Amino acid sequence: LEALARPEAADTLCLLRREMAQALQRGTPGTLEQRLGDEFYLWTVAPLSLPEGANVYLTNLTERRRTEAELLRNQLFTTRLADTVPNIVFLVDMDTRSLLYCNPQTETVLGYTPDEMRAMGPELGRLMHGEDLVASLRKQRQLALLADGQSVSSEYRFQHRDGSWRWLHQLQLI
């Protein structure tokens, strides 16, 4: 806590004093996330039964914040990558048969925006040719037997918004 004694921590010290006064006035603990030096902390201010007494607990959140920032960078990278490849990228919940994610190429290839595709929910299968839908359902049962990391490829016909049929090569990764 030597960092609180430094001149550059004056704003943090004022904030802490204000939070302590509020916690004492309320009679209940309060929390805030605040930087101190190069670290991030969760500050918990717990009033004591003594007048004007409070305990302040600091939990270092720096590593969690770094991990969250790295996760966000990875998610942005993955989204940018999926959004720029010339292929359709789907993420489907196999239990509910609903689309969790698809990239913008669905509009170019099938004539539907990603929002329209997601809004179809479990009815998404209606875009697949009837004969191919039966084959796809058989293949889904086989997929359940595969281990993580294994893949299966297939070709199916999907109906474009304009009514024409498009053959799509599908690679399913478990």
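Reading the values: the criteria
Each chain has its residues counted from 1, running along the sequence as written. Note on the predicted model: pLDDT of at least 70 is required for a residue's local features to be given, and 80 or more for side-chain atom pairs to be given and counted; whole-chain, interface and lining totals, by contrast, use all residues. As a rule here, side-chain values come from all non-hydrogen atoms in the structure, and water together with hydrogens is ignored. Each Phe, Tyr or Trp ring (for Trp, its six-membered ring) is paired with any other whose centre lies within 6.5 Å, and the angle between the two planes then decides the class: stacked below 30 degrees, edge-to-face above 60, tilted in between. We call a charge positioned over a ring when the NZ of a Lys or the CZ of an Arg lies within 6 Å of the ring centre and within 35 degrees of the ring normal. Counting from the N terminus, the helices are DSSP H or I runs at least four residues long and the strands are E runs at least two residues long. Working rule for helices: expected span equals 1.5 Å times residues minus one. For every residue, the accessible area obtained with a 1.4 Å probe (protein chains only) is divided by the maximum for its type, and the residue is called buried under 20%, exposed over 50%, and partly exposed between those limits. Read the arc as the range of directions from the helix axis to the C-beta atoms. The contact definition used throughout considers only heavy atoms, calling two residues in contact when any of these lie within 4.5 Å. Salt bridge, as applied in this entry: a Lys or Arg side-chain nitrogen positioned within 4 Å of an Asp or Glu carboxyl oxygen. By nonpolar core is meant a set of buried Ala, Val, Leu, Ile, Met, Phe, Trp, Tyr and Cys residues that side-chain atoms within 4.5 Å join together.

Chemist: Can you tell me about the packing of aromatic side chains, naming the residues and giving the values?
Modeler: Think of a pair of aromatic rings as described by two things: how far the centres are apart, and how the planes are tilted against each other in angle. What the rule picks out here adds up to one aromatic pair. With a centroid separation of 6.5 Å and 75 degrees between ring planes, the pair formed by Tyr41 and Trp43 is classed as edge-to-face. Geometry around Phe40 places Arg65 over its ring, the cationic atom sitting 4.1 Å from the centre.

Chemist: How would you explain helix H1 (residues 10-26) if you had to name every residue and give the values?
Modeler: When the terminal C-alpha atoms of H1 are compared, their 24 Å separation across 17 residues agrees well with the 24 Å that a helix rising 1.5 Å per residue should span. All of the buried residues along H1 are Thr12, Leu16, Glu19 and Ala23. End-on view of H1: buried residues confined to an arc of 65 degrees, all on one side of the axis. Facing away from the buried side of H1, by more than 90 degrees, are the exposed residues Asp11, Arg17 and Gln25. Along its buried surface, H1 packs onto strand E1 (30-36), strand E2 (39-47) and strand E3 (54-60). Directly beyond the C-terminal end of H1, a positive phi value near 80 degrees is found at Gly27.

Chemist: How would you sum up the pattern of salt bridges? Please name residues and give values.
Modeler: A full pass over the atoms with the stated rule returns ten salt bridges. One salt bridge connects Glu70 with Arg73, and the closest N-O pair in it is separated by 2.7 Å. With Glu70 and Arg73 both in helix H2 (residues 62-84) and three residues apart, this pair spans about one turn of that helix. You can call Glu70 partly exposed: its relative accessible area is 36%. Assessed through its relative accessible area of 48%, Arg73 is described here as partly exposed.

Chemist: Quick one: what's the story with the nonpolar core, residue by residue and with numbers?
Modeler: Of all hydrophobic cores here, the largest spans 14 residues; its most connected members are Leu110, Met117, Leu127 and Phe158. Breaking this core down by element, the ones donating at least two residues are strand E5 (98-102), helix H3 (105-110) and strand E6 (151-159). Setting aside chain neighbours within four positions, we find Met117 in contact with Phe90, Leu99, Cys102, Thr106, Leu110, Tyr112, Leu124 and Leu127.

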